[in-house]
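The lines below spell out each chain.
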Number of protein chains: 2
Amino acid sequence: MRDAAPDTARFLADLHELRRIGAFRTGVHRPTYTPDDMRSREWLMAKMREVGLEPEMDGIGNVIGRHKGPGRTLLAGSHIETQDEAGWLDGALGVVAALALAREGLPVDVIAFADEEGHYGDFLGSRSAIGLVTEAEMDAARHATHGKPLREALREAGLEGRPRLRLDPARYEGFLELHIEQGSQLEAAGMRSGPVTGIVGVRVWRIRALGQQDHTGGTTMAERKDAAVAAMRVLAAIDDQFPMLAGPRTTWTCGRIALTPNAPHVIAGEAEMIFQFRDLSEEVLDRLEERLRRIVQEVDRRDRCAVTLEPVSRAAAAPSAPAFHAAICRAAERHAPGAWAAMPSGAIHDAQWMARVMPAAMLFTPSIGGISHHWTEDTAAADLELSLRILHDAAREILAA
Amino acid sequence: MRDAAPDTARFLADLHELRRIGAFRTGVHRPTYTPDDMRSREWLMAKMREVGLEPEMDGIGNVIGRHKGPGRTLLAGSHIETQDEAGWLDGALGVVAALALAREGLPVDVIAFADEEGHYGDFLGSRSAIGLVTEAEMDAARHATHGKPLREALREAGLEGRPRLRLDPARYEGFLELHIEQGSQLEAAGMRSGPVTGIVGVRVWRIRALGQQDHTGGTTMAERKDAAVAAMRVLAAIDDQFPMLAGPRTTWTCGRIALTPNAPHVIAGEAEMIFQFRDLSEEVLDRLEERLRRIVQEVDRRDRCAVTLEPVSRAAAAPSAPAFHAAICRAAERHAPGAWAAMPSGAIHDAQWMARVMPAAMLFTPSIGGISHHWTEDTAAADLELSLRILHDAAREILAA
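Quick caveat: nothing in here was measured; it's all calculated off a predicted structure.

Definitions and cut-offs
Residues numbered from 1 in each chain as written. Chains lettered and ligands numbered in written order. Predicted model: local features only at pLDDT ≥ 70, side-chain atom pairs only at ≥ 80, totals over all residues. Heavy atoms only, no water. Least-squares fit on C-alpha atoms with pLDDT ≥ 70 in both. Contact = heavy atoms within 4.5 Å. Pairing = 2+ DSSP bridges. Helix = DSSP H or I, 4+ residues; strand = E, 2+ residues; numbered from the N terminus. Axes fitted to C-alpha atoms, helices over the stretch in contact; angles between N-to-C directions. Buried area = accessible area lost by both parts, 1.4 Å probe. Salt bridge = Lys/Arg side-chain N within 4 Å of Asp/Glu carboxyl O. Polar contact = N/O pair within 3.5 Å; in protein donor to acceptor, adjacent residues only side chain to side chain. Expected span 1.5 Å × (residues − 1). Buried < 20%, exposed > 50% of the residue type's maximum accessible area, 1.4 Å probe, protein only.

Novice: Looking at this model, I keep getting lost on the relation of the copies chain A and chain B. Mind explaining?
Specialist: Between the two copies of the chain lies a relationship made up of a rotation around an axis and a movement along it. When chain A is fitted to chain B, the residual RMSD is 0.1 Å, and the transformation amounts to a turn of 180° plus an axial shift of 0.0 Å. The two molecules are tied by a two-fold rotation axis, judged by turn and shift. Most of the interface of chain A is mirrored in chain B, where 100% of its interface residues are also at the interface.

In structure tokens form, the structure reads like this:
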């Protein structure tokens, strides 16, 4: 093992080298399985070889570089493809930082999970690596916007027929993922680093109100069954009651409302809302779910519309492994005394899936202006360097334990 | 003048004859200026000649049949084109009933206003007939769905270059319009006829909330500017406060909500709602407008989103001419004692425009199941006959006064 200070210059140089593949303005455009995405995976494998790892790309595009020495290792990484015309650090940061750990001689397997950005599915790479993606799911998967089948994209990328990686939890002490914050909380608080307490659980619901489509002029208030009003009453009750039940970091959102027919002079016959809430505590999530059920039941009972609640998806909260999180916090305090703040991740990351089979933890580094999923996404070079120092320090402590 | 009992058999026969032009299942399909619509106008002109009127079609498709005798006359009618695949009585009833009045020898001008159904504009025929449609409006008017210019449609219909009718209020005692109810209030109350107290005023508004589009996971409740929440708070305040300010027949509706980007995992950056309220009393409408302004102002002030209110359109209430309405009520009581109920019209009709230049009143006849704008629209034959008897009786009384 070399000196305790990692080579931040090489780390930054690697990031800038990777940034040139699929460059778009100051960001990058490397959607999953496109030629530029595949070039970046090849680039990564070459880098892995260079730092002494044994690289391999699997049948879904996951790239892993295995440490050659004996004994247990740490798994570290993130993803390498991007959203369309997006930022240069989202995903790339965690992969290149993992590479830097390996370069320092730490027993680390470096991984770039495929399609974290969801072009073809829901965390296909990380879920596949822990056995959660069936062949049937792969047969059915299609590109979210243009509809190309996943199988076709894999064939074009030269991945058809390759076996898919299955991680062996017994090989690993655990998983570490460095990622940009994609929010502005660290920046707003004047903090330079954010050890992640865990990844929130998310419960997504479809709330539907069924009323009666009618002319807005001819139907009296006493007669009408206005689905928009029933939907609004559900949202108003949530707005009123959730603050008293929520934890300090709970979020809840209705991002989608669809009225039918959604015409100015027609009473809505149907309203559909997608509603979600997120928290690190399953207890808080359970409490909110119970209240949501009661609210929907109550509006259904009182209103002339039928109101129903249907689960759309549910992701369990993944608290960071306590020992890993503590090591990251100590490292943050050593390298940025008083300038770090532990925080939950409101967004889901590959680490949430790794947490199902091994101890896992994440570290956030600030995003300038909180911007992400846009080519203007950026992080100060000094913060990038700091994030590597903290990650390196924490990894050493975890491996030494 | 002939006997006081109008020829209901001929009246029904005329309605069924007209029904065959553009027949669609049990309804009709005669959109404005289509060949079937023009055939129905020609049919009407022939019928007008037959009952002794002098027919004329003007440059926007209005058909008027003028009484040949001297002195003042009553104007009566409605419209003859239909919504797509719609009912056989909506509009046609009022025109054919007016024809029946003329057949009885009453001094009546019969009119079929063009495009009441709004295929190319907003009450083009009746507004044109009182001088409210400029050449510039005609140049700009296009079909609501396929976008064909009004001028092109008029050329194809052979109406290009014809002068447009301008009604002379001095010629008329006033205007009478018989129409189907297009609602279920008469039917629900077991009533067979509905003298119309007036046509409600309508005020339509655009309410916009401007927030900040953000990821639903990364943005805390304290940071977010959720336009959907601001919009919902406006609607909730309306839902809470309007009942205490409204009249017994006031209606209010938000039929259209558009969130941007309207995606499940994105906090809405913008919300736009179209909101309207209707009442026969301008005083009630003023009261609701004032409250709406306060609600929007208050949400704008308290919420982190900017909320604005913008008028979209405003139609003044048109109470029926008291003497006409009284004559219709007396006739209803004579022909259907205890089985009629005076009611406002929640929908706008050509009569609202006529009311600007002459006394005007309407009579509703029940719609089976309240259905309209659909080919299954229908009214019992006995109710149709009754409606003609009441209209005829009222017209005689008005003309005798």
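Novice: Got a minute to help me understand the sheet that holds strand β13 (residues 270–279) of chain A in this structure?
Specialist: All names here are of chain A. Across the sheet, which stays open at both edges, the 4 strands sit in the order β11-β13-β9-β14 with antiparallel pairing between neighbours. Of all strands in the sheet, those bounded by a partner on one side alone are β11 (251–260) and β14 (306–315). Averaged over neighbouring strand pairs, the angle between their axes works out to 15° when direction is ignored. Looking at chain direction, β11 and β13 are connected through 9 bridges and run antiparallel. Bridge assignment links Leu-259 to a residue of β13, and that residue is Ala-271. Running at roughly 0° to strand β9 (residues 201–210), helix α9 (residues 282–302) makes contact with β9, β13 and β14 of the sheet.

Novice: Would you explain the interface of chain A and chain B in this entry?
Specialist: Where interface size is given, it is often the accessible area lost as the parts come together that is meant. Listed by partner, the interface residues are 41 residues for chain A and 41 residues for chain B. For the pair chain A and chain B, the summed buried area comes to about 3400 Å², and 54% of that belongs to carbon and sulfur atoms. When the buried area of chain A at its contact with chain B is split by residue, Met-221, Met-232 and Ile-257 of chain A rank highest and sum to 15% of it. In this assembly, chain A and chain B are joined by 2 salt bridges. Ionic pairing is found between Arg-233 of chain B and Asp-239 of chain A, a salt bridge with its closest N-O pair at 2.8 Å. At the level of secondary structure, the elements contributing two or more residues to the side of chain A that touches chain B comprise α8 (227–245), β11, β12 (266–267) and β13 of chain A. A total of 8 residues in the side of chain A that touches chain B trace back to one element, the largest contributor, which is β11 of chain A.

Novice: Explain the environment of Ser-281 of chain B to me, please; I cannot follow it from the model alone.
Specialist: Residue and element names in this part refer to chain B. Along the chain, the position of Ser-281 falls in the loop between β13 (270–279) and α9 (282–302). Linking Ser-281 and Gly-247, residues 34 residues apart in sequence, is a C-alpha distance of 8.3 Å. Among the polar contacts listed, one links the side chain of Ser-281 to the backbone nitrogen of Glu-283, at a separation of 3.2 Å. A polar contact is formed between the side chain of Ser-281 and the backbone nitrogen of Val-284, at a distance of 2.9 Å.

Novice: Sorry if this is basic, but what is going on with helix α2 (residues 35–50) of chain A here?
Specialist: In an α-helix, one turn spans 3.6 residues; hence positions three or four apart end up facing the same way. Residue and element names in this part refer to chain A. The end-to-end C-alpha distance of α2 is 23 Å, a good match for the 22 Å that 16 residues give at a rise of 1.5 Å each. Looking at α2, one finds that the buried residues are Asp-37, Met-38, Ser-40, Arg-41, Trp-43, Leu-44, Met-45, Lys-47 and Met-48. On the buried face of α2, the contacting elements are α1 (8–19), β3 (54–57), β4 (63–66), α3 (92–103) and β6 (108–113). Downstream of α2 by a residue or two, Gly-52 has a phi angle that is positive, lying close to 95°.

Novice: Looking at this structure, I do not really get unusual backbone geometry. What am I missing?
Specialist: Backbone geometry follows two general trends: most residues other than glycine have a negative phi, and most peptide bonds adopt the trans configuration. Thr-260 of chain A connects to Pro-261 of chain A through a cis peptide bond whose omega is 5°. Structurally, Pro-261 of chain A can be placed in the loop between β11 and β12. Positive phi values are uncommon outside glycine, yet Arg-25 of chain A reaches one of about 50°. Within the secondary structure, Arg-25 of chain A sits in the loop between β1 (23–24) and β2 (27–28). In this model, Glu-85 of chain B sits at a positive phi of 45°, which is unusual for a non-glycine residue. Looking at the element boundaries, Glu-85 of chain B is found in the loop between β5 (73–79) and α3 (92–103). Of the residues examined, Glu-85 of chain B reaches a relative accessible area of 38% and is grouped as partly exposed.

Novice: I tried to follow the sheet that holds strand β14 (residues 306–315) of chain B on my own but got confused; where do I start?
Specialist: Backbone-to-backbone hydrogen bonds pair the strands of a sheet. The strands run either parallel or antiparallel. Residue and element names in this part refer to chain B. Ordered by their spatial adjacency, 4 strands build an open sheet running β11-β13-β9-β14, and the pairing between neighbours is antiparallel. Looking along the sheet, the strands with just one partner apiece sit at the ends: β11 (251–260) and β14. Between one strand axis and the next, the sheet turns by 15° as a mean value, whatever way the strands run. Running at roughly 15° to β13, helix α8 (residues 227–245) makes contact with β9 (201–210), β11, β13 and β14 of the sheet.

Novice: Explain the pattern of salt bridges here, please?
Specialist: On inspection of all chains with the given rule, the structure shows 70 salt bridges over all chains. Here Asp-36 of chain A makes a salt bridge to Arg-39 of chain A, at a shortest N to O gap of 2.7 Å. Here Arg-39 of chain A and Asp-36 of chain A lie together in helix α2, a separation of 3 residues that amounts to about one turn. Across the pair Asp-393 of chain B and Arg-334 of chain B runs a salt bridge, and its minimum N-O distance is 3.1 Å. Linking Asp-393 of chain B in helix α12 (residues 381–400) with Arg-334 of chain B in helix α10 (residues 322–335), this pair joins segments that are 59 residues apart in sequence. If you follow the salt bridges from partner to partner, you end up with Arg-10, Asp-14, Glu-17, Lys-47, Glu-50 and Arg-103 of chain A in one network.

Keep in mind these values describe shape, not function.
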